[in-house]
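# Structure assessment
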Amino acid sequence: MWTINAQERIPEVEALLRKMTLEEKIGQLNLLTPGGGVATGEVVSKNVEAKIKAGQVGGLFGVAGPDKVRVAQELAVKESRLGIPLLIGSDVIHGYKTTYPIPLGLSASWDMDLMKQAAQMAAREATADGINWNFSPMVDISRDPRWGRIAETAGEDPYLGSKTAEAMVKGYQGSDLAAAHTLLACVKHFALYGAAEAGRDYHSVDMSKIKMFNQYLPPYKAAVDAGAASVMTSFNDIDGVPATGNKWLLTDLLRKRWGFDGFVVSDYTSLNEMIAHGLGDLQAVSTLALKAGLDMDMVGEGFLTTLKKSFDEGKVTEAEITDACRRVLEAKYISGLFDDPYRYLDSKRPEKDILTKENRALARKLAAHSFVLLKNHNDMLPLGNKGKIALIGPLADSRENMLGTWAPTGDFNLAVTVLEGFKNVASEANIQYAKGSNISNDPEFAKKVNVFGPRIEVEERSPEALLKEALDLAKTSDVVVTVVGEATEMSGEAASRTDISIPDSQKKLIRALVDTGKPVVLVLMSGRPLTIPEEFELPVAILQVWHPGVEAGNAIADVVFGDYNPSGKLTATWPRNVGQIPIYHSAKNTGRPAPENEEFQKFKSNYLDSPNSPLLPFGYGLSYTTFEYSNLRLNKETIGQGESISVTVTIANTGDYDGEEVVQLYLRDVVRSITPPKRELKGFQKILLKKGERKEVTITLFPDDLKFYNSTLEFVSEPGEFEVFVGTDSDAQLSKTFTLK
Ligand code: BGC
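Keep in mind that this is a model prediction, so the values were computed, not measured.

Reading the values: rules and limits
- Residues numbered from 1 in each chain as written.
- Predicted model: local features only at pLDDT ≥ 70, side-chain atom pairs only at ≥ 80, totals over all residues.
- Heavy atoms only, no water.
- Helix = DSSP H or I, 4+ residues; strand = E, 2+ residues; numbered from the N terminus.
- Contact = heavy atoms within 4.5 Å.
- Domains from an automatic or database assignment.
- Buried area = accessible area lost by both parts, 1.4 Å probe.
- 1 Å grid on protein atoms, 1.4 Å probe; cavity = no way out; pocket = protein on both sides within 12 Å on 5 of 7 lines; lining within 4 Å.
- Points joined across faces, edges and corners; volume = space filled by probe spheres on them.
- Nonpolar A, V, L, I, M, F, W, Y, C, P; charged D, E, K, R; others polar.
- Buried < 20%, exposed > 50% of the residue type's maximum accessible area, 1.4 Å probe, protein only.
- Phe/Tyr/Trp six-rings, centres within 6.5 Å; stacked < 30°, edge-to-face > 60°.
- Lys NZ or Arg CZ within 6 Å of the ring centre and 35° of its normal.
- Expected span 1.5 Å × (residues − 1).
- Pairing = 2+ DSSP bridges.
- Right-handed = clockwise from strand over helix to strand, strands pointing away.
- Axes fitted to C-alpha atoms, helices over the stretch in contact; angles between N-to-C directions.
- Salt bridge = Lys/Arg side-chain N within 4 Å of Asp/Glu carboxyl O.
- Polar contact = N/O pair within 3.5 Å; in protein donor to acceptor, adjacent residues only side chain to side chain.

## Points about the side chain of Glu 14
With respect to the element layout, Glu 14 can be found in helix 1 (residues 11-19). Sequence-distant contacts of Glu 14, that is, excluding residues within four places in its chain, are made with Arg 9 and Arg 326.

Right under this line is the structure:
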């Protein structure tokens, strides 16, 4: 684990630093991509080979495969003056080649052990391909489903987000960063990127410190506490200074207050983008960033091209450059690269470790665990393996939309379509397919989505002809399963939407299928919460499957046909309409709360045209079975500061299937010195209950669970009453109170 003590530096690194010229130190602060990967900015690095030889490169990304990485590593080791090996980065966001569900989906499993296994698998595959540094986990909190990158997050909640961050960091890094199957984690995007104004990507963030500390910063801190080796800055500004040049953020908070001792890298050209933010020319923003605590400049070459000049002009000191360089070198040392620069370059490993049967089996399991059953009209699901099933919809036989956004290392050609999965799993049933509609009929919209190749294909056949074919099939079938929603690139980076409903072409299809009178199951794919108030009212079953990854079709069939009973729970609230955004379960009360029954009242905090409540609350998700909660009790009525309290509840499986349930605990701090949220998630446990089984579940509230950051940003708990709620989602009704002395 990452345990550099600032007082006891690494002698090998110090010795190397003494040999380095100022230019060589600056070279280590430069991260380049030779192209080939996804370029998310306008710049792609040039003359990379020559720069490596000249000692002007600290790391690369977008290069993979032991043989290719070896070429780059040899240039650095054999042809640069000091032979310093390169960090080799990559965006392994949800699996390397064995792509598993998008992070928002994975978080819906609420299963930290599974998440850790997912990260371990990703690390094993990526390191087999020569990668030693991962630009993950993304731990940004998002309460705005218009923002496309909510797909990459664990949703809206700081407590769940912190647990997820910890599980991912530990999964990637293991207990020994020099081991051949572990890699450096990079926590991103520091900070508050998920709070971009109006859900528009890269937009400004302006937030009080109280909100930051209580709601948005905890997952970053949890990742740092778990030993994350590096941190990536975010594109947005904070208190008027972009994160990449924000000294309060990178030095005062991250290093001094949290004790982070790893290195900080910018996001893709986020250093240069400070020019557009209005903070000066490249030299000025590079100086600002170095002094703020940025160690490595991704792609922008602002450090490379201006720091020497700034040093000559007395604007930066050699000590500042040395500090940044030291942190980059320490990461290389801890990765074992000084010991053996070729340690991740075993050409036999890819075949042995990547896309193995075991890995694909895990991806299938992860996907099934990420699905959330939103509705099950007439207990329509699970379906039997029999009869004629009409599988309809633009995503039902689409390979290119299965992986989800930010899967640059995956290959959608390897993905299992829903049609294939159904045929694999329900071999006794007669499964027939029709497309039914385009994902969208709008060619202009399709063009914007299709940046990485065709994800939305607007057919030459007319929408009427597509629909007719589907309806003809539906009418002669026993049941209809329609796979609808978002194409992969309708969410993700720079894929914000102001309308997050199902596109009209597909809405029409759904409506027409329901009108046939056949039972209809909606399999809903998306990278974000959608607004589906009309579809939710229909007499249908709805299974939310996000973008499930390489085993998509098999996993969906596993759940639809009942081989796995769905257990996922939403980690971001589903609004009724975009006007409710931001909407999240841990909102505060107002001085004029709306009535509980949501009847409109003048001069109360409500809307003329919508209830306050969401369509589906945080934590929501059904099962094929039913669970009953009873007998909530606490082991104490009063506790002192520093004491824990146990909360116990009885849960019975009262339905017809074995099933898993996520038992959720919410806490309300009734009175305190700053306005408390109405309730906050403070514990959960995922349990398996056999049909007819009953279990006692105990969740302990530790002293820190009662604490919050007060107006002077101290982490404190204040005496008074606390109310505990336990149940199946954030509307949990069983409650008890206790007092903190
Ligand atoms: C994204 C990062 C990513 C980086 C490198 C940026 O556009 O914001 O999340 O790690 O590109 O690919």
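## Some details on the domain arrangement of the chain
Split into domains, the chain comes out as domain 1 (20-98 + 127-149 + 168-350), domain 2 (358-560) and domain 3 (625-740). Here the C-alpha centroids of domain 1 and domain 3 sit 38 Å apart. If you look at the interface, domain 1 gives seven residues, while domain 3 gives eight residues. Across the domain 1 to domain 3 interface the summed buried area is about 620 Å²; carbon plus sulfur atoms make up 60%. Sorting the residues of domain 1 by area buried against domain 3 places Ile 210, Phe 213 and Asn 214 first, and these three jointly supply 63% of that buried surface.

## Some points on empty space enclosed by the protein
Taken as a whole and assessed by the stated rule, the structure comprises two cavities of 30 Å³ or more. If you add up the space inside the largest cavity, you get close to 190 Å³. Looking at the largest cavity, it is lined by 24 residues, and the ones nearest its centre are Pro 103, Met 138, Glu 152, Thr 164 and Met 168. Residue assignment for the lining of the largest cavity shows that the elements contributing at least two residues are helix 5 (103-107) and helix 7 (158-173). For the lining of the largest cavity, the element with the highest residue contribution is helix 7, accounting for four residues. When its residues are assigned to classes, the lining of the largest cavity shows 15 nonpolar, seven polar and two charged.

## Examining unusual backbone geometry
As a rule of thumb, non-glycine residues mostly have phi less than zero, and peptide bonds are mostly trans rather than cis. Cis geometry marks the peptide bond from Ser 136 to Pro 137, where omega comes out at 10°. Along the chain, the position of Pro 137 falls in the loop between strand 4 (133-134) and helix 7. Of note, the amide linkage connecting Leu 381 to Pro 382 takes the cis form, showing an omega dihedral of 0°. Along the chain, Pro 382 falls in the loop between strand 11 (372-376) and strand 12 (388-392). With a phi close to 50°, Asn 47 is a non-glycine residue in the positive phi region. Looking at the secondary structure, you find Asn 47 in the loop between strand 1 (30-32) and helix 3 (48-53). Assessed through its relative accessible area of 58%, Asn 47 is described here as exposed. One non-glycine residue, Asp 239, lies in the positive phi region at around 50°. As for its position among the elements, Asp 239 is in the loop between strand 7 (237-238) and strand 8 (241-242).

## Digging into the packing of aromatic side chains
For the structure shown, the criterion picks out 20 aromatic pairs. Through pairs of rings, three or more aromatic residues link up here, namely Phe 61, Trp 133, Phe 135, Phe 263 and Tyr 268. Lys 602 extends its terminal NZ or CZ atom over the ring of Phe 603, reaching a point 5.5 Å from the ring centre.

## Some thoughts on helix 16 (residues 357-370)
Taking 1.5 Å of rise per residue, 14 residues should cover 20 Å, and helix 16 covers 20 Å from first to last C-alpha, within 8% of that figure. Within the span of helix 16, buried status applies to Asn 359, Arg 360, Leu 362, Ala 363, Leu 366, Ala 367, Ala 368, His 369 and Ser 370.

## So, the pairing of strand 15 (residues 520-525)
Of all six residues in strand 15, six are buried; the element is thus mostly enclosed. Covered by surrounding structure in strand 15 are Val 520, Leu 522 and Leu 524 together with Val 521, Val 523 and Met 525, the residues of both alternating faces. Relative to strand 15, strand 14 (residues 479-485) runs parallel, the two being bridged by six bridges. For Val 484, the partnering residue across the bridge sits in strand 15 and is Leu 524. Taking the sense of rotation as the criterion, the β-α-β connection linking strand 14, helix 20 (residues 504-515) and strand 15 turns out right-handed.

## Focus: the sheet that holds strand 3 (residues 87-90)
Where strands meet in a sheet, backbone hydrogen bonds hold them as pairs that are either parallel or antiparallel. Spatially, eight strands are ordered 9-6-5-4-3-2-1-10 in an open sheet, and the strand pairing comes out parallel. Because the sheet does not close on itself, it has two edges, and the strands there are strand 9 (263-265) and strand 10 (297-298). Pairing between strand 1 and strand 2 (residues 59-61): two bridges, direction parallel. Within strand 2, the residue paired with Leu 31 across the bridge is Gly 59. Each of strand 5 (184-190) and strand 6 (230-233) is contacted by helix 9 (residues 218-225), which is oriented at about 160° to strand 5, the strand it contacts most.

## Things to note about the pattern of salt bridges
Tallying each qualifying case throughout the model produces 40 salt bridges. The residue Glu 318 makes a salt bridge to Lys 25 at a minimum N-O spacing of 2.8 Å. Taken together, the positions of Glu 318 in helix 14 (residues 318-334) and Lys 25 in helix 2 (residues 22-28) put the pair 293 residues apart, joining distant regions of the chain. Arg 497 is paired through a salt bridge with Glu 486; the nearest N and O atoms lie 2.7 Å apart. Pair noted here: Arg 497 is in the loop between strand 14 and helix 20 and Glu 486 is in the loop between strand 14 and helix 20, with a separation of eleven residues, a long-range link. Glu 486 shares its class with Arg 497; the two are buried.

## Regarding the side chain of Ser 717
If you trace the backbone, Ser 717 turns up in the loop between strand 24 (715-716) and strand 25 (720-727). Side-chain polar atoms of Ser 717 contact the side chain of Gln 641, separated by 2.8 Å. Contact partners of Ser 717, with chain neighbours within four places excluded, come to Gln 641, Leu 706, Lys 707 and Leu 740.

## Looking at the sheet that holds strand 14
The six strands lie next to each other as 11-16-15-14-12-13, forming an open sheet whose pairing is mixed. Either end of the sheet is taken by a strand with one partner, and the two such strands are strand 11 and strand 13 (430-434). Taking the axes of each pair of neighbouring strands and ignoring which way they run, one obtains an average angle of 20° across the sheet. The sheet contact formed by strand 15 and strand 16 (residues 540-544) spans five bridges and is parallel. For Leu 524, the partnering residue across the bridge sits in strand 16 and is Gln 544. Across the sheet, helix 20 touches strand 12, strand 14, strand 15 and strand 16, and the angle it forms with strand 14 is around 165°.

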